[in-house]
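An overview of the molecular structure
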Amino acid sequence: MSAQYAETGVPAPLPLRTIGDISAALLAGHGFPGDQEAFETDLQRALEASSETDLTAVAAVIVDYRGRIRPYQDPDYDIAVRELVAGA
């Protein structure tokens, strides 16, 4: 753990290196509502559409859902979302 995280009390970023890491983070509530089920469905579709030598669609799904999880690691994210919704 870096000194920055230890001093500020900010949790260390989730490890999102594998499909299992991403699935576990979504199951734990990180990401948008319904993302856990959508991730599994999108990943399955991408795998079915991919060839053995071209997994570009699978990589795109992984990158997309990693991007959906990352904001939830920012402690100010929930506050910003609430302010945005309250102002709408």
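Everything in this summary refers to the structure shown in the same document. (Residues numbered from 1 in each chain as written. Predicted model: local features only at pLDDT ≥ 70, side-chain atom pairs only at ≥ 80, totals over all residues. Heavy atoms only, no water.)

**Details of the pattern of salt bridges**
For the record, the criterion: Salt-bridge detection follows one rule: a side-chain nitrogen of Lys or Arg within 4 Å of a carboxyl oxygen of Asp or Glu. Helix and strand definitions follow DSSP, with helices as H or I runs of at least four residues and strands as E runs of at least two, each counted in order from the N terminus. Buried residues are those whose accessible area, probed at 1.4 Å on protein chains only, stays under 20% of the maximum for their type, while exposed residues exceed 50% and partly exposed ones sit between those limits.
Under the defined criterion, the tally for this structure stands at 3 salt bridges. Note that Arg68 is salt-bridged to Asp35, the shortest N-O span being 2.8 Å. Placement of Arg68 in helix H4 (residues 56-69) and of Asp35 in helix H3 (residues 35-49) is noted, with a sequence separation of 33 residues between them. Taking the relative accessible area as the measure of exposure, Arg68 reaches 22% and is therefore partly exposed. Between Arg68 and Asp64 there is a salt bridge, and its shortest N-O distance comes to 3.1 Å. Of this pair, Arg68 and Asp64 both sit in helix H4, separated by 4 residues, roughly a single helical turn. A cluster of three or more residues bridged by salt bridges with shared partners is formed by Asp35, Asp64 and Arg68.

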